[in-house]
Amino acid sequence: VLLGLSLDKKEQCSDWEQRPLTESQLSYALLDAAILPILLRSILIDFGSGITDKFERYFLHKHPHLLTTTKLTCLRAFDDVDQYACPPQLAYRVPYGSCKVHLQHVMARQIFMTGNEDPNPPEMLPLETQQKIAFSRIPRAQRKFSDISAANKSAFSKRKIKKKTVKLHTVSADLEDLPKPGQIIGYTKDSCIYEVLGQEFINSLSANSTRLGFNRR
């Protein structure tokens, strides 16, 4: 309508998974993308008064996506999975973008402002980094030390095991062995509580990887 032209849409319903694409499909895809900036220019110039007035002459500022460029890079066929130690879409460093598997190929998609220099091309991560990514995706309960490098074993073994918490108000005191009047048992809340509960109970908490929960302020 804007350009007084018509675009043949019959290829829109054709088989886009077949390879190679037909000449008609390639022409349709190229024209479908090339027509967009022409349409935008027509909207802003030929019908600009109404549109720019509506957006107070800040049309492109309010629609910044119209000033961005999208760059797609085909990295590798998806069936070549032996080259990766983690999911292929996570095996690349992609400036201003990310990877995904599309039509049996690993594709990198980068989005940047039109007019700026193209971002650096995608690059495959080192094998060690891919292994760390693969390990981080394994559920914690299923992780095995054999799945990670020796460098990661020590770090994993040093992680603190989260202790269960027993609330103080749910614990019974050792009433038969309470401190005598005038007996000094300490000057902190911890020392008073530990004295009242008894050393045997405190030792049982440590043995069961349990901590006593109370307000220490």
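Located above this text is the structure these notes cover.
Residues numbered from 1 in each chain as written. Predicted model: local features only at pLDDT ≥ 70, side-chain atom pairs only at ≥ 80, totals over all residues. Heavy atoms only, no water.

## Description of the environment of L66
Counted only if it meets this: To qualify as a helix, a DSSP run of H or I must reach at least 4 residues; to qualify as a strand, a run of E must reach at least 2; elements of each kind are numbered from the N terminus.
Looking at the element boundaries, L66 is found in the loop between α3 (59-62) and β1 (68-77). Separated by 48 residues in the primary sequence, L66 and T114 have C-alpha atoms spaced 8.8 Å apart.

## Examining the packing of aromatic side chains
Any aromatic ring pair is given by two values, namely how distant the centres are and how the planes are angled relative to each other. Using the following cut-off: Centre distance within 6.5 Å is the pairing criterion for rings of Phe, Tyr and Trp, where only the six-membered ring of Trp is used; planes under 30 degrees apart are then read as stacked, over 60 as edge-to-face, and the remainder as tilted. Only protein chains enter the accessibility calculation, which uses a 1.4 Å probe; a residue whose area is less than 20% of its type maximum is buried, one above 50% is exposed, and one in between is partly exposed.
All chains considered together, the criterion is met by two aromatic pairs. Look at W16 and Y28: their rings are 6.2 Å apart centre to centre, the planes differ by 45°, and that puts the pair in the tilted class. Of this pair, W16 sits in the segment before α1 (23-46) while Y28 sits in helix α1, placing them twelve residues apart in sequence. The partly exposed category is assigned to W16, whose relative accessible area is 27%. Note on Y84 and Y92: the rings are 6.0 Å apart at their centroids and 65° apart in plane angle, and the pair reads as edge-to-face. Summarising the burial analysis for this pair, Y84 and Y92 share the class buried.

## So, helix α6 (residues 189-197)
Convention followed: Directions drawn from the helix axis to the C-beta atoms are what define this arc. Contact between two residues is taken to exist if any of their heavy atoms lie within 4.5 Å; hydrogens are not considered.
Within the span of α6, buried status applies to S191, I193 and L197. The buried residues of α6 all sit within an arc of 165° when viewed along its axis, so they share a single face. At its buried positions, α6 is contacted by α7 (199-207) and β7 (210-213). Just past α6, the residue G198 takes up positive phi, approximately 100°.

## What about the pattern of salt bridges?
Applied cut-off: Between Lys or Arg on one side and Asp or Glu on the other, a salt bridge is scored when a side-chain nitrogen of the former is within 4 Å of a carboxyl oxygen of the latter.
Enumeration according to the criterion identifies four salt bridges in this entry. Between D32 and K9 there is a salt bridge, with the nearest N and O atoms lying 3.7 Å from each other. Here D32, found in helix α1, pairs with K9, found in the segment before α1; they are 23 residues apart in sequence, far enough to count as distant. Accessibility expressed as a relative area gives 29% for D32, which makes it partly exposed. Judged by relative accessible area, K9 falls into the partly exposed class, the value being 38%.

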